[in-house]
Amino acid sequence: EAVLPLPPATRVFTISNQKGGVGKTTSAVNLAAALARSGAKVLVVDLDPQGNASTALGVDHRSDQQSVYEVLVADLPLSQVVRPSTEHERLDCVPATIHLAGAEIELVSLVAREQRLRRALDVHLAEMDEPYDYVFIDCPPSLGLLTINAFVAAREVLIPIQCEYYALEGLSQLLSNIELIEKHLNPDLRLSTILLTMYDSRTNLAQQVAQEVRDHFPKQTLDTIIPRSVRVSEAPSYGQSVISYDFGSTGSLSYREAAAEIAWRGASESKESN
Ligand code: ADP
Ligand code: MG
């Protein structure tokens, strides 16, 4: 396994797109797995009531389990709900349960409702002997208070974009939300990364969409494109990333390459700012 540079401080990503089924969870799980295998210590925070990231990482998220829900609405320390993944010893997961669906409403009346994940994560990171190198927050497909909590807790936004006809539709709403968050709640937030996913090289349309995204976001769009691949979609039902499910597959290779790009880009940026 190639060793990748580690960031000098924890890089916290929120993986967002208000559309469902664009590869948010798949990207969170597989990038996290790839980075853990390359030597990084990684946490995935599952913020989607569906709990798909928890499932993919082999973490119990039945409704009787404590989860990020209790952290957000009942001030349970994050450390009490961090679980080891079955994927890799350096990859942990904070699970989501179905109770999280109610949190959108319950949060409304709470003090500092937008900052609750940020505070819990900051406390946990400060208490750790060896803090995480990467945290990936897997968002639900909406722009409600859960996603806002993720935007406030993160420094970087990663948007997965499916190479299909309506790919750019709705993106301007997402971008203006990020701007609003940056202005009012989290000045450190920036769109750092766009990942093109579910690419089918046989269609002209996919190529056009990919080019259009690159024209709009030349700096943020990773060179690596994730192809559409059956192996990628099969892996979660075995509680595995595509990397451990089928290491040599194109899906595995492309997620490992995307992870390497993320690591190297971070390394060159932190050099520049020194
Ligand atoms: P989201 O979290 O944005 O809703 P998912 O990551 O759950 O999206 O992906 C939606 C569906 O597409 C899932 O069934 C997933 O397995 C499948 N999928 C994701 N990426 C790929 C890919 N590169 N190739 C084939 N299927 C994929
Ligand atoms: Mg998802």
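Just so it is clear, the structure is predicted and the values come from calculations on it, not from any experiment.

Student: Report on the site of ligand 1, specifying residues and quantitative values.
Tutor: Neighbouring ligand 1 are 17 residues; Lys24, Thr25, Thr26, Val232 and Ser233 lie closest to it. Listing elements by their share of the shell around ligand 1, those giving two or more residues are helix H1 (24-37), strand S7 (190-199) and helix H9 (230-234). Among the elements that make up the shell around ligand 1, the one with the highest residue count is H1 (3 residues). Split into classes, the residues belonging to the shell around ligand 1 amount to 5 nonpolar, 10 polar and 2 charged.

Student: Hey, could you go over the sheet that holds strand S2 (residues 42-46) for me, with residue numbers and the actual values?
Tutor: Across the sheet, which stays open at both edges, the 8 strands sit in the order S3-S4-S2-S5-S1-S6-S7-S8 with mixed pairing between neighbours. The open sheet is flanked by strand S3 (83-84) and strand S8 (221-227), the only strands paired with a single partner. Where strand S1 (residues 11-15) lies against strand S5 (residues 134-138), 5 bridges are found, and the strand directions are parallel. Looking at the pairing, Val12 lines up with Val135 of S5. Lying over the sheet, H1 contacts S1, S2, strand S4 (91-94), S5, strand S6 (156-162) and S7, oriented at roughly 165 degrees with respect to S5.

Student: Residues and numbers for the pairing of S8, please.
Tutor: As judged from the 3 bridges shared by S7 and S8, these two strands associate in the parallel manner. Directly across from Leu196, in S8, lies its bridge partner Ile225. The parallel pair S7 and S8 is bridged by helix H8 (residues 204-216), and the resulting crossover is right-handed.

Student: Describe the pairing of S1, listing the residues and the values that go with them.
Tutor: The element S1 is extensively covered by neighbouring structure, given that 5 of its 5 residues are classed as buried. Across the two faces of S1 the burial is the same, with Arg11, Phe13 and Ile15 and Val12 and Thr14 all buried. Of the strand pairs in this sheet, S1 and S6 are connected by 3 bridges, and their pairing is parallel. Bridged to Phe13 within S6 is Glu156.

Student: Before we move on, can you summarise H1 with the specific residues and values?
Tutor: Taking 1.5 Å as the rise per residue, H1 with 14 residues should run 20 Å; its terminal C-alpha atoms sit 20 Å apart, in good agreement. Of all 14 residues in H1, 14 are buried, a share of seventy percent or more.

Student: Describe the UniProt feature "domain: AAA" (unreviewed entry) in the protein, listing the residues and the values that go with them.
Tutor: In this numbering, the UniProt entry assigns the feature "domain: AAA" (unreviewed entry) to residues 11-190. Structurally, residues 11-190 is divided into 38% helix and 16% strand, and its ends, taken at the C-alpha atoms, are 12 Å apart.

Student: Which residues make up the nonpolar core, and what are the values?
Tutor: Ala32 and Ile137 are the most contacted members of the largest nonpolar core, which has 79 residues in total. Sorting elements by how many residues they give to this core places H1 first, with 8 residues. Setting aside chain neighbours within four positions, we find Ala32 in contact with Val42, Val44, Leu91, Tyr134 and Phe136.

Student: Report on unusual backbone geometry, specifying residues and quantitative values.
Tutor: With the exception of glycine, most residues fall at negative phi, and the peptide bonds are largely trans. Phi is positive for Asp75, close to 60 degrees, though the residue is something other than glycine. Mapped onto the elements of the fold, Asp75 is located in the loop between helix H3 (68-74) and S3.

Student: Account for the confidence of the model for the protein, naming residues and giving values.
Tutor: Residues of the protein with pLDDT of at least 70 account for 98%, and the chain-wide mean is 94. On the interface metric, ipTM, the complex scores 0.99, and its pTM is 0.97.

Student: I'd like to hear about the environment of Val94, residue by residue, with values.
Tutor: Mapped onto the fold, Val94 is located in strand S4. Taking the C-beta count within 10 Å as the criterion, Val94 has 30 such neighbours and is therefore assigned buried. Sequence separation between Val94 and Ile178 is 84 residues, and the spatial gap between their C-alpha atoms is 24 Å. Apart from residues lying up to four places away in sequence, Val94 is in contact with Leu43, Val45, Asp46, Val68, Leu78, Val81 and Val82.

Student: Run through the environment of Val3, naming residues and quoting values.
Tutor: Relative to the assigned elements, Val3 resides in the segment before S1. Classification of Val3 by C-beta neighbours within 10 Å gives exposed; the count is 10. The residues touching Val3, leaving out its near neighbours within four places in the chain, are Ser38 and Gly39.

Student: Tell me what's going on with the packing of helix H5 (residues 116-127) against helix H6 (residues 145-153), and back it up with residues and numbers.
Tutor: At their nearest, the axes of H5 and H6 sit 7 Å apart, and the two run at 45 degrees to each other. Compared by their axis directions, H5 and H6 come out oblique. Considering how the two elements wind past one another, H5 and H6 form a crossing that is right-handed. Judged by residue contacts, Arg116, Leu117, Arg118 and Leu121 of H5 engage Asn149, Ala150, Val152 and Ala153 from H6.

Cut-offs applied
- Residues numbered from 1 in each chain as written.
- Chains lettered and ligands numbered in written order.
- Predicted model: local features only at pLDDT ≥ 70, side-chain atom pairs only at ≥ 80, totals over all residues.
- Near = placed C-beta within 6 Å.
- Helix = DSSP H or I, 4+ residues; strand = E, 2+ residues; numbered from the N terminus.
- Nonpolar A, V, L, I, M, F, W, Y, C, P; charged D, E, K, R; others polar.
- Pairing = 2+ DSSP bridges.
- Contact = placed C-beta atoms within 7 Å.
- Axes fitted to C-alpha atoms, helices over the stretch in contact; angles between N-to-C directions.
- Right-handed = clockwise from strand over helix to strand, strands pointing away.
- Buried ≥ 20, exposed ≤ 12 C-beta atoms within 10 Å, placed from the backbone.
- Expected span 1.5 Å × (residues − 1).
- UniProt positions renumbered as here; feature names shortened; annotations may be inferred.
- Core = buried A, V, L, I, M, F, W, Y, C linked by C-beta atoms within 7 Å.
- pLDDT = per-residue confidence, 0-100.
- Parallel < 35°, antiparallel > 145°, perpendicular 65-115°, else oblique.
- Left-handed = near helix turned anticlockwise from the far one by under 90°.

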